[in-house]
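Observations on chain architecture
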Amino acid sequence: MLAEPGQRVKIKVKVNGVEYEEEVEPRKLLVDFLRENLNLTGTKIGCDTTTCGACTVLVNGKSVKSCTMLAVQANNKEVVTIEGLSTDSRLSVVQQAFKDNFALQCGFCTAGMIVQAHYILKEKKPLSEEEVRDLIHGNICRCTGYQNIVNAIMDASRRMGA
Amino acid sequence: MYPAQVGYYKPESLGEALDFLEKHESKIIAGGQSLIPMLKLRILNPKYLVDIGDLKELSFIREGDVISIGATTRHSELVSKRLPGAEIIQETASKVGDVQVRNMGTVGGSVSNADPSADYPAMFSALEATMVIRSKAGTREVNALDFFKGPFNTALGQSDILEQVKVKPLRGYKQVYRKIVRRAGDFALVGLALVLKANAGVVEDVRIAFTGVSDKPYRAIKAEEALRGSKLDSSSISKASEIAVEGVNPPSDSRGSSMYRKEVMKRLLRNTLEEMKDAS
Ligand SMILES: Cc1cc2nc3c(=O)[nH]c(=O)nc-3n(C[C@H](O)[C@H](O)[C@H](O)COP(=O)(O)OP(=O)(O)OC[C@H]3O[C@@H](n4cnc5c(N)ncnc54)[C@H](O)[C@@H]3O)c2cc1C
Ligand code: FES
Ligand code: FES
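Residues numbered from 1 in each chain as written. Chains lettered and ligands numbered in written order. Predicted model: local features only at pLDDT ≥ 70, side-chain atom pairs only at ≥ 80, totals over all residues. Heavy atoms only, no water.

1. Digging into the domain arrangement of chain B
Residue and element names in this part refer to chain B. Defined as follows: Just so you know, the domain bounds were taken from an automatic or database domain assignment. When checking whether two residues touch, look at their non-hydrogen atoms; a contact exists if any pair is within 4.5 Å. Two parts lose some accessible area (1.4 Å probe) when they are put together, and adding that loss for both gives the buried area. Any Lys or Arg side-chain nitrogen found within 4 Å of a carboxyl oxygen on Asp or Glu counts as a salt bridge.
By domain assignment, chain B separates into domain 1 (7-167) and domain 2 (174-279). For domain 1 versus domain 2, the distance between C-alpha centres works out to 25 Å. The interface of domain 1 with domain 2 comprises 26 residues on the first partner and 22 residues on the second. Between domain 1 and domain 2 lies a buried interface of about 2000 Å² when both sides are counted; carbon and sulfur atoms form 54% of it. Between the two partners, domain 1 and domain 2, sit 3 salt bridges.

Here it is, written out as structure tokens:
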């Protein structure tokens, strides 16, 4: 694939199970692609400097910061955003656990937190509270509400049978 | 902020990548975890990005008499891999950034970027790793100590690609990577890579490398010499920690003053050696 500066390229990306073909400039960030081209605004831009994790999405099953990835880098890959985690309008186990544990205040960090929680819980391994804290340290909550977030993730982990 | 206009080339092979690099003013992108922030700040503004991030040829971990790690191997792949004789690699990888950064960032990207506070450069210096560099002209090998030249400056030329890093396993060595940070997931204020082999309490071999204290990884050669052949006890440990900071002039910045960094170096080395002594 070759694109001259300023030229757009066609990319194919599967997002939340749906195939999209869109033309983008190579400089377009994945987070802007999701929000502007696909209108998936659940993914948030917090810091724009790879620090806060509000933009976390899954690319081929791995959590990444979509403010620090180009849309062209996602070509021929699968992306899952917060919108893709609930099925048939039912909240995922992690989403329900966040709700039940009051794990959100202003909610700006929440989408990224939940996507990251899905990633760290996917192997259904028992995790200690300390491990959970370490695995989510790339996600910052400006309301400093980590205790309930950690409780929610521990709770979700139990509900998933870890 | 979004990057300035840029072209994009995704090669199918290492050969194609090398051809393109030689003909066009371009910059390699691997994981993008250092490059994209720089493009967003418009510190860099290359004509083309050459995306080697998905090149399977460069993604491997091979074990044996020599351990080879392909340049596009992600940090997270090393976090989940214990390499006998080079356990320090896994420990170092687990301390780079956060989970999301480790899922994208690559070994080659970290080494090529040569941030003076990065973790791999010090670790690979302690392991005396060999950097394998590819260009149209062929393959060359450069020792870690000669590879890192200064801040963000390495032996890599414009149209070179780092292919892999090779390490000789150090069996029977205790290996530790420690870093002091201001907040979780940050670059090191001071980082220490230490590998040591002792026999009946006497140091047979030791290599000490720091990050964050100089414009490139800093090997505390004199401290190593002082320790080699001596009994690992409190007196030799304190002497080595004092010697380790002689002749180094760490930077002063928002994270800490030069004097503070020296103090951290001393304590890090002393505490780590004390733990090794107690464990042996
Ligand atoms: C929030 C955050 C925290 C971080 N924390 C740490 C930390 O604690 N410790 C640490 O060490 N690092 C840290 N990093 C940096 C991180 O480790 C990056 O993954 C790494 O430095 C760059 O790897 P990359 O594959 O993303 O390289 P890229 O960003 O793609 O490239 C970096 C540079 O290397 C060049 N390059 C890449 N691959 C090659 C190659 N094979 N041959 C030649 N040149 C090449 C590129 O042209 C570019 O100049 C952090 C980054 C972020 C965003
Ligand atoms: S917006 Fe991407 S990490 Fe903060
Ligand atoms: S709930 Fe407010 S930033 Fe996290």
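So, next bit.
2. Some thoughts on the packing of helix H10 (residues 234-244) of chain B against helix H11 (residues 258-279) of chain B
All names here are of chain B. Note the following rule: Here the axes come from fitting lines to C-alpha atoms, over the contacting stretch only for helices, and the angles between their N-to-C directions go from 0 to 180 degrees. Only DSSP runs of H or I reaching four residues or more are called helices, and only runs of E reaching two or more are called strands; each is numbered from the N terminus. Oblique is the label for any angle not under 35 degrees, not over 145, and not in the 65 to 115 range, which are roughly parallel, roughly antiparallel and roughly perpendicular in turn. In this scheme the crossing of two helices becomes right-handed for a clockwise turn of the near helix relative to the far one and left-handed for an anticlockwise turn of less than a right angle. Each residue gets one of three labels, nonpolar for Ala, Val, Leu, Ile, Met, Phe, Trp, Tyr, Cys and Pro, charged for Asp, Glu, Lys and Arg, and polar for the others, Gly among them.
At a minimum axis distance of 9 Å, the contact between H10 and H11 shows a crossing angle of 155 degrees. Classified by the interaxial angle, the pair formed by H10 and H11 is roughly antiparallel. The interaxial crossing formed by H10 with H11 has right-handed handedness. Two secondary-structure elements touch here, H10 through Ser234, Ile237, Ser238, Ala240, Ser241, Glu242 and Ala244 and H11 through Met265, Lys266, Leu269, Arg270, Leu273, Glu274 and Lys277. In terms of residue class, the contact of H10 with H11 is built from 6 nonpolar, 3 polar and 5 charged.

3. A look at helix H1 (residues 14-23) of chain B
Threshold: Buried, partly exposed and exposed residues are distinguished by accessible area as a fraction of the type maximum, computed with a 1.4 Å probe on protein chains only: under 20%, between the cut-offs, and over 50%, respectively. In this description, the arc belongs to the directions extending from the helix axis to the C-beta atoms.
Along H1 of chain B, the residues classified as buried are Leu14, Ala17, Leu18, Phe20 and Leu21 of chain B. Buried residues of H1 of chain B fall within an arc of 165 degrees about the axis and therefore sit on the same side. Next to the buried residues of H1 of chain B lie strand E1 (2-3) of chain A together with strand E1 (7-9), strand E2 (26-29), strand E3 (48-51), strand E6 (130-135) and strand E10 (161-167) of chain B.

4. A short note on the pattern of salt bridges
Residues and elements named next belong to chain B. Following the criterion strictly, the structure yields 32 salt bridges over all chains and no others. Between aspartate 205 and arginine 207 there is a salt bridge, with the nearest N and O atoms lying 3.7 Å from each other. Arginine 207 matches aspartate 205 in its accessibility class, with the two residues each being buried. Beyond isolated ion pairs, a larger network of salt bridges with shared partners links Glu128, Asp205, Arg207, Arg219, Glu224 and Arg228.

5. Things to note about the site of ligand 1
Put simply, the rule is: Each residue is tested against the molecule or strand, and it is near if at least one of its non-hydrogen atoms lies within 4 Å.
Neighbouring ligand 1 are 33 residues; Ile28, Gln33, Leu35, Thr106 and Asp119 of chain B lie closest to it. In this structure ligand 1 sits where residues from chains A and B come together. Secondary structure elements with two or more residues in the shell around ligand 1: E2, helix H6 (107-113) and E10 of chain B. For the shell around ligand 1, the element with the highest residue contribution is H6 of chain B, accounting for 5 residues. Here the residues of the shell around ligand 1 sort into 13 nonpolar, 15 polar and 5 charged. Viewed by domain, the shell around ligand 1 spans two of them, domain 1 (7-167) and domain 2 (174-279) of chain B, each represented by three or more residues.

6. Quick notes on the interface of chain B and chain A
Our working rule: A strand pair is defined by DSSP finding two or more bridges across the two strands.
On the chain A side, the residues contacting the 35 residues of chain B number 31 residues. By the criterion of area lost to chain A, the three top residues of chain B are Gln5, Tyr8 and Gln100 of chain B, representing 24% of everything that side buries. Taken together, chain B and chain A are joined by 3 salt bridges. For aspartate 98 of chain B, the salt bridge goes to lysine 65 of chain A, with nearest N and O atoms at 2.7 Å. Sorting the residues of the side of chain B that touches chain A by element identifies E1, helix H2 (35-40), E3 and helix H5 (99-104) of chain B as the ones contributing at least two each. Of all the elements, H5 of chain B adds the most residues to the side of chain B that touches chain A, at 5 residues. Split into classes, the residues belonging to the side of chain B that touches chain A amount to 18 nonpolar, 9 polar and 8 charged. Pairing analysis gives 2 bridges linking E1 of chain A to E1 of chain B, with the strands arranged antiparallel. Counterpart to leucine 2 of chain A in the pairing with E1 of chain B is tyrosine 9 of chain B.

7. Focus on helix H2 (residues 93-100) of chain A
Residue and element names in this part refer to chain A. Considered for burial, the residues of H2 that qualify are Val94, Gln95, Ala97 and Phe98. For H2, the angular spread of the buried residues around the axis is 165 degrees, confining them to a single face. Tucked inside the fold, the buried residues of H2 contact helix H3 (110-121) and helix H5 (146-159). Within two residues after H2, phenylalanine 102 carries a phi angle of roughly 55 degrees, on the positive side.

8. Details of the nonpolar core
All names here are of chain B. Note the cut-off: Think of a nonpolar core as a cluster: buried Ala, Val, Leu, Ile, Met, Phe, Trp, Tyr and Cys residues, connected wherever their side-chain atoms sit within 4.5 Å.
Ranked by internal contacts, the top residues of the largest apolar core, which has 35 residues, are Ile89, Val111, Tyr120, Phe124, Leu127, Met131 and Phe147. Going through the elements one at a time, strand E5 (67-70), helix H4 (87-93), H6, helix H7 (119-126), E6, helix H8 (144-147), E10 and strand E12 (190-199) are the ones with two or more residues in this core. With 5 residues, H7 is the single largest residue contributor to this core. Two domains each donate at least three residues to this core, and these are domain 1 (7-167) and domain 2 (174-279).

9. Concerning the packing of H2 of chain A against H5 of chain A
Residues and elements named next belong to chain A. Remark: H2 packs on H5, axes separated minimally by 8 Å, with the N-to-C direction vectors making an angle of 135 degrees. As the angle between them shows, H2 and H5 are arranged oblique. Along this stretch, H2 crosses H5, giving a crossing that reads as right-handed. Taken together, the residues of H5 that come into contact with H2 (itself represented by Val93, Val94, Gln96, Ala97, Phe98 and Asp100) are Ile149, Ala152, Ile153, Asp155, Ala156 and Arg159. A class-by-class count of the residues in the contact of H2 with H5 yields 8 nonpolar, 1 polar and 3 charged.

10. Some points on unusual backbone geometry
A positive phi angle, close to 65 degrees, is found at aspartate 48 of chain A, a residue other than glycine. Along the chain, aspartate 48 of chain A falls in the loop between helix H1 (30-37) and strand E4 (56-59). The backbone of phenylalanine 152 of chain B shows a phi angle near 55 degrees, a positive value even though the residue is not glycine. Relative to the assigned elements, phenylalanine 152 of chain B resides in the loop between strand E8 (148-150) and strand E9 (153-154). Judged by relative accessible area, which is 47%, phenylalanine 152 of chain B ranks as partly exposed.

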